[in-house]
Each structure stands twice: as structure tokens, then as C-alpha cells.
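Secondary and tertiary structure notes
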Amino acid sequence: MPACSACTGEWFASPQVVKQDGADSLQPPGPMPWPIIGNTHLLPKVKPWYYFEQLSKDLRSPVITFWIGRNPTVWINDAQSASELLEKKAAIYSSRPRMVVFAELTDMQQSSDPNAKVPGTNLVTMFYGERWRVHRKLTHQGVGLQQVRRYRGFQNDESKLIAYDILRSPEQYVAHYERYAASVVSIIGFNRRVSSIEDPIITEVIAVMQKAAELNVPGKEFPMLFETFPWMARLSPSLFPWIFKGLGRRRRGRDFFYALAKEAHEKDPDQSCYVNDLFKEQPKYNLRNQEIASLAGNLFGAGSDTSSSTLITFTLACCAFPEVLPRVWEELDRVVGPHRSPSWEDEPELLYTKAFVREVFRWRSVAIIGGQPHAPISDDKWNGYFIPKGTWTQGNVWSIHHNEKDFPNPDRFNPDRYMKDSPDARPFPNEKGYMTFGWGRRVCSGQGLAEQGTFITVARMLWAFNIQKALDEQGKEIPVDIFSYSNGLNWRPQPFKCRFTVRSPEIRAAIEREGRQALQDLSEYDGESEAMDRFFKHNKQEA
Ligand code: HEM
């Protein structure tokens, strides 16, 4: 188990007293804040979600307050409270708090008023309001639940290529997952597939997303220290370069995605794809070019690293818990057989496979603190506690999915939790049994796309391969560490080796046949991007 760095009862204060309309009200309990720095000094160096889980246990309170400088932040550590606050009170809790590092210093900004002096540019960070509604609506036109069924054909073909590629270069399985995830959103957005694992859009975007994910985790070092001392963000980067180090180059992503969008639009303005829809809607919503860039870029930014990281977690679970595989193989062999891979039509009969996928989403959810924080649009009273307007309110998904009451022995990968009538099943505040995609009106816009793609790919990989721990030179299994994950708020397993063994010659023949066919079917999306070549060449020269 990961050790919690510094949780002892001695600092705990009774809940803070805050004046509200002249009356005293209590905020959820938390450690005693110091003047100016609040509790920032208590933050661990990495992965604060373990710390907040422990703090919540020590305080015997699922909801706790932790002061970042002079701002209270609220951490929700169980499913019941997350549902009560972020879902049942979604009309209040659907904004974002002020985010100095992730929004202001990266130039995404947050205002939901298009005429504001500094208008917001990105749905992910935007405050709740009219402009957010426009961005959300446009995003749903691209990847909403109604739309994503239309993408099943090419999503399935790209997923077939994962199995096909793993046959030839299994050691590059991570790159195959990343190519798949990037290609699906690239076809949706730009009508152009990503055919090679060497395509810089994969390596660049995933690297940028991993970096951005680190900028979102509360911390006590720069740049995250700007959240504790927001006034320092106004200092000049040329005078204090070391504190701004690590923020990346501003506007780089924006220019890149706008160039890609414009190129796709100019190539064929009548072709059905998301960026063409955006250009069509541009006059109606008075969309600025940078809004087009962010809407198009979010497909990659929010949708490729998350989807591929989920598949890496799935692979780790297979290596660490081989005892769950025979039962899922029995089901897949009975329902699907060896001569074709699983399809969506099989889904109603693949009950254990579906439970397996749900357990992948729960066991090590990629967005481990639920993505960006929520914030109430007005002061709120809940369970006798006062939560002020604008409070940084974060669902600690690690803690929520790790709660012994809901998920006994939570680190064990156990699909039975999701089988009806199983003694391991427990009630949960929502039907899905996980909170991997966030809450309320802010719930992930790409959830439908991610869920359908993860189902078909996990089902196919289980059908195709026995995924096991790698062997060392003496033929002994190399252990895997189920706690060895990256530090960002979208985490993924640290690199590990594994073995993919095709389950039968018939299955191998089916993977080969389907892979060749998929390549043919996908060829309509083949094509080069000059804008991308130019951009990466220019960047190389600059570096
Ligand atoms: C396994 C894959 C994915 C996971 C686990 C995931 C998870 C999340 C989470 C936790 C949030 C924050 C929700 C909240 O604030 O309550 C979020 C937001 C978002 N996601 Fe995803 N996501 C995934 C894939 C995708 C895909 C494929 C897309 C689009 C193609 C996408 C687009 C977005 C957008 C645009 C938002 C911001 C919504 C808003 O602020 O209103 N995500 N996602």
C-alpha cells in the first residue's frame, strides 16, 4: 500500500468558523490552517489523493476542508457525498473555481461571458454560464451519446488494428493503444486517421497531456504554488523565470489545433467531420478562432491520453490478477467462438466481460481526482456545513473507488463486484457503479465514446490473447507493481513489460483477416497533414 506521508491526528482542528449572513457556520473539518499559507505545507510531494483519503479517515468525515493559501478547498471522499453534492445539487455545483495555473497561466482563461475583457477559451475550465453552454452543446454535436453510435464502424476497425499490430510488435503495446485512441478522435475531428505509431501527434499530444495533468495536482512547489500565492502569477516571467518554468509555451497547442482544423476545412468543407461543423456554426455563435482550436483540440487533449491510459491499466490488471481470466474466456468462447472477434451485437450476452470492463474503470480510474474541480455558483449549506460560493470542490475518485464499504478489498481486481447477485456486489449511488467520468452537468462529454471503445477493445483483447507477466532470462515471471503509477491527475501505470500469447491458431487467423480488412476499410481516412509537418519541423528547429 502507498504510505500516507504525514497523517497524524495532532493537527486536526475543529471545523473552521466562517461568518455567513451574520451567523456562524461550520465548514467541513480539516487541519488547522496557518496564516497566509493555509495548509499548503502539509501537501505531500506527489499523489495527494492518498493523503486526502487518510485525512478523511482520521477525521472520520467523508468531506474535508483543506486550505490552499487563503482559499478553502473541499475534498469529497465517498460516493454518497459526491452524489449528494455534485449530482443531486448539480444546479449549484457545476462551475469551476478560479484555476490560476491550469486556466490563467496557460491562457485558457475561464470567463463564461464572450464579451468579457478576457473571455474563456476552453470548455474544460470555463465557469458555468452561457458560453460554457455553447461549448458543451457544440462538443455534444461531435461526441454526444446520439453521435457516437455513428462512429462504431471506424472505432471497431481501429480497435481490430490493435490486436493485429500486437501480433507483430507486442513490446510496443502502449504505442498501439495510443495510436488507436488518437486515430479515433482524429477521424471524428478532422476526417484523417493516424496510421503510424511514429506520428508526432501521438507522442506530442500525450506528452503535453501528461505534463498538463501534473499542472492540475495541488502541490507545494512551483508552478502549483501559484494557487497558494495567486498574486505571484502577475510577476514578470522574464524577471523570475524559475518560478514559471514547467508551464510550457503558451498558445502552442492553440496555434497547432487551429492550423489542423483550418487545413481539414479547406481541404473539403463539405465532408462530414467535427471541425467542418464548427466552421459552419462559427457565425451563429460568433466563435473566435481560438475557440475553434480548443473545441477541436479537446478531442485529443481530453480523449486520447485518457482512453489509452485506461487500456494500459487493463493490461496491468490482466498481468496482476490472472485468476480472473479463465471465466471471461469461457464466456467469450461460448458467445463469440474463435472465428471472429467480439462485436457490439454480442454485448447483451457478455455479462462477465461487461463486468470486467466496469472493474477496469473502477480499479485504477484514469482521472484519479475526477478531472478538474467543481465549484458552487452560490453559497451552499450541506449536512450542517457551509460551503462558500466558488470553493474548489474536488471528488477524490481514488478514495471513492477505494472505500471498503462499497468495494471490499478494493485493490483486488474483481469483476464479480459488478455481477448481479454476487456476494461481492454492493449498492452504489449510480447505476454504472463507478464515478470515473465525473458528475452532474460537468460529466465527461466523451463518456459514451470512451465507454463503447473501451468495451470493444477490452473484449477483443481478452478474446485474442492471454496477457501475462513477462519472463526474465531464467524464464521466471517478472512481478508487476499495481501501485506504480505516474503522478498526474490523469495517471497511468509506469512502463512495465508483459507477454501477449494468441489463444489459438483459429483466433490468430481471425485477427489477421480482420486486421487486413480493417486497413482496407479505413483507407478512406488516409492522408498527410502539411500543417502538422510544418508545425513539428518548426518546433524541432526552435528546440
Ligand atoms: C476513459 C476515458 C475518459 C475518462 C476516464 C474521462 C474522464 C473525464 C472526467 C473525470 C472529466 C471531468 C468531469 C467533471 O468535471 O465532473 C472529464 C471531462 C471532459 N471530458 Fe472526458 N474522459 C475520457 C474520455 C474523453 C473523451 C474520449 C472525450 C472527447 C472526445 C472527452 C472529453 C471531455 C470534455 C470536453 C470534458 C470537459 C467537460 C466540461 O468541463 O464541461 N473525455 N472527462
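To be clear, the structure that these remarks concern was listed above.
Figured I'd write up the structure that's included with this text. (Residues numbered from 1 in each chain as written. Predicted model: local features only at pLDDT ≥ 70, side-chain atom pairs only at ≥ 80, totals over all residues. Heavy atoms only, no water.)

Focus on the overall build of the chain
Within the chain, the regular secondary structure consists of 18 helices and 11 strands. At 23 Å, the chain has a C-alpha radius of gyration in line with the 24 Å of a compact globule built from 543 residues. A principal-axis box enclosing the C-alpha atoms of the chain has dimensions of 75 × 55 × 45 Å. Taken over 543 residues, the chain has a buried fraction of 60%. A separation threshold of at least 6 residues defines the contact pool for the chain, and within that pool the share at least 24 residues apart is 71%. (Helix = DSSP H or I, 4+ residues; strand = E, 2+ residues; numbered from the N terminus. Rg over C-alpha atoms; globule rule 2.2 N^0.38 Å. Buried < 20%, exposed > 50% of the residue type's maximum accessible area, 1.4 Å probe, protein only. Contact = heavy atoms within 4.5 Å.)

As for the sheet that holds strand S9 (residues 392-395)
With respect to topology, three strands assemble into an open sheet ordered S5-S6-S9, the strand pairing being mixed. Among the strands making up the open sheet, the edge pair consists of strand S5 (63-68) and S9. Ignoring strand direction, the axes of neighbouring strands in this sheet form an average angle of 25°. With four bridges connecting them, strand S6 (residues 71-76) and S9 associate as parallel partners. Bridging across to S9, Thr73 finds its partner in Trp392. Relative to the sheet, helix H1 (residues 48-58) contacts S5 and S6, its axis offset from that of S5 by approximately 125°. Taken strand by strand, helix H2 (residues 79-88) contacts S5, S6 and S9, and its axis lies near 125° from that of S6. (Pairing = 2+ DSSP bridges. Axes fitted to C-alpha atoms, helices over the stretch in contact; angles between N-to-C directions.)

A word on the packing of helix H4 (residues 130-143) against helix H11 (residues 274-285)
Look at H4 against H11: their axes get within 10 Å of each other, and the N-to-C directions meet at 150°. The angle between H4 and H11 falls in the class roughly antiparallel. Helix-helix and strand crossings are classified by hand; for H4 and H11 the assignment is right-handed. In contact with Arg131, Val134, Lys137, Leu138, Thr139, Gln141 and Gly142 of H4, H11 contributes Tyr274, Leu278, Glu281 and Tyr285. (Parallel < 35°, antiparallel > 145°, perpendicular 65-115°, else oblique. Left-handed = near helix turned anticlockwise from the far one by under 90°.)

Some remarks on the coordination of the iron atom of the ligand
As a benchmark, a tetrahedral metal site with four donors has ideal angles of 109.5 degrees, while an octahedral site with six donors has ideal angles of 90 or 180 degrees. Coordination of the iron atom of the ligand by the protein involves just one donor, Cys444 (SG), at a distance of 2.3 Å. Counting through the fold element by element, Cys444 comes out in the loop between helix H15 (397-400) and helix H16 (447-464). (Donors = N, O, S within 2.8 Å, 3.2 Å for Na, K, Ca; no water.)

What about the nonpolar core?
Tyr177, Phe314, Phe356, Phe465 and Ile511 are the most contacted members of the largest nonpolar core, which totals 141 residues. No other element matches the 13 residues that helix H12 (residues 289-320) contributes to this core. Leaving out residues up to four positions away in the same chain, Tyr177 has contacts with Ile162, Ile166, Ser308, Leu311, Ile312, Phe314, Thr315, Met461 and Phe500. Among the nonpolar cores identified, the runner-up in size contains 19 residues, and Leu105, Ala212, Leu225 and Ile243 belong to it. (Core = buried A, V, L, I, M, F, W, Y, C linked by side-chain atoms within 4.5 Å.)

Take it as geometry only, folks, not as evidence of what the structure does.
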